[in-house]
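Here are the chains, one letter per residue:
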Amino acid sequence: MDKEHRVSVYDMVKELNLKEVTPEINSKEVYIEQAEINRPALQLAGFFENFAQNRVQIIGKAEHLFIEEVERDVENAKNIYKRFIGAGIPVIVFCRNLHPSEMMIKVAKEYGVPVLISQDATSEFMAEVIRWLGTVLAPSITIHGVLVDVFGEGILITGESGIGKSEAALELIRRGHRLVSDDVVEIKRVSKKSLIGTSPEVTRFFIELRGIGIIDVKNLYGVESVKMEQEIDLVIQLEDWNKDADYDRLGLEEKYVEYLGNKVAAHTLPIRPGRNLAIIVEAAGIKKKMGYNAAEELYKRVTGQMED
């Protein structure tokens, strides 16, 4: 099911190496809920229509110079700061190692809004904070499955418990591919086209094999056998063989599954004794990476001969 996300200002401080100007404010209890940012030029001039107060507020060189002009009128500056900071903003970040005035710090403390400093240039910091917030605040779901990197293609293997997902993943690792997550896969929608899969931290790089137990893939096969996250390019759905089912033998028709509103190409793979799942998954990964549909080529050849 979908999980609602928010991230603390403290996490942003640690992730982006920021300096806290107001350490007395507990940044662990102040949260950011939107991935967008705002540069409050109009607000510092006293215009608050359509103010995006729920966003991270970023002060660059231009805003800092304007603040110096605003504070020449002390009473007006205080009123603006109270309207700006008191509107419910989560945090203010000064870029380029610029420092806030004592007046602004005092109002920020009054309303419990953390004030931070970044040494980065404004444009660089904006790009980084948008990227980071876009990832940590992305809509997400958790599903039962195995995610592997096969020739750079993210393949999500799904199916009922005990059907052989972990065994297939282990064989793929032995063949030089990489594990992202076993059993539980956390999927985030980072854009309208991209889904990123990762593992819960507690089970990261472990595989459970029935009859053997837990295997630490990173320690057993080396650091090159694992990966922190991977874009999901293909879903392979494993199911028990059903002799009465009509399975696709040519692959002319593309099938998809949908996660968080994004469609991902999918194949259904029936399981029966003697089938090497790892080799089949590997072949699917090669096909996806090459973008070559052999069924379409065969169809063209057959229809061409018929026309002749």
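First things first, this report covers the structure right here in the doc. (Residues numbered from 1 in each chain as written. Predicted model: local features only at pLDDT ≥ 70, side-chain atom pairs only at ≥ 80, totals over all residues. Heavy atoms only, no water.)

This part covers unusual backbone geometry. What you tend to see is this: most non-glycine residues have negative phi, and most peptide bonds are trans. The phi dihedral of Asp-183 is positive, around 80 degrees, even though this residue is not glycine. Within the secondary structure layout, Asp-183 lies in the loop between strand E11 (178-181) and strand E12 (184-189). Using a relative accessible area of 33% as the deciding quantity, one classes Asp-183 as partly exposed. Unlike most non-glycine residues, Phe-205 shows phi in positive territory, near 70 degrees. (Helix = DSSP H or I, 4+ residues; strand = E, 2+ residues; numbered from the N terminus. Buried < 20%, exposed > 50% of the residue type's maximum accessible area, 1.4 Å probe, protein only.)

Next up on the list: the pattern of salt bridges. Under the counting rule described, the total for this entry stands at 8 salt bridges. When the shortest N-O distance is used, the salt bridge between Arg-131 and Glu-128 registers 2.8 Å. One end of the pair, Arg-131, and the other, Glu-128, are both in helix H6 (residues 122-136), 3 residues apart, so they sit about a helical turn from each other. The partly exposed category is assigned to Arg-131, whose relative accessible area is 43%. Judged by its relative accessible area of 31%, Glu-128 is partly exposed. The salt bridge involving Glu-282 is made with Arg-175; its shortest N-O contact spans 2.7 Å. Taken together, the residues span a long stretch of sequence, with Glu-282 in helix H9 (residues 277-290) and Arg-175 in the loop between helix H7 (165-174) and E11 at a distance of 107 residues. For Glu-282, a relative accessible area of 10% gives the class buried. Classification of Arg-175 as partly exposed rests on a relative accessible area of 37%. Overlapping salt bridges bring together Asp-149, Arg-178 and Lys-227 as one network. (Salt bridge = Lys/Arg side-chain N within 4 Å of Asp/Glu carboxyl O.)

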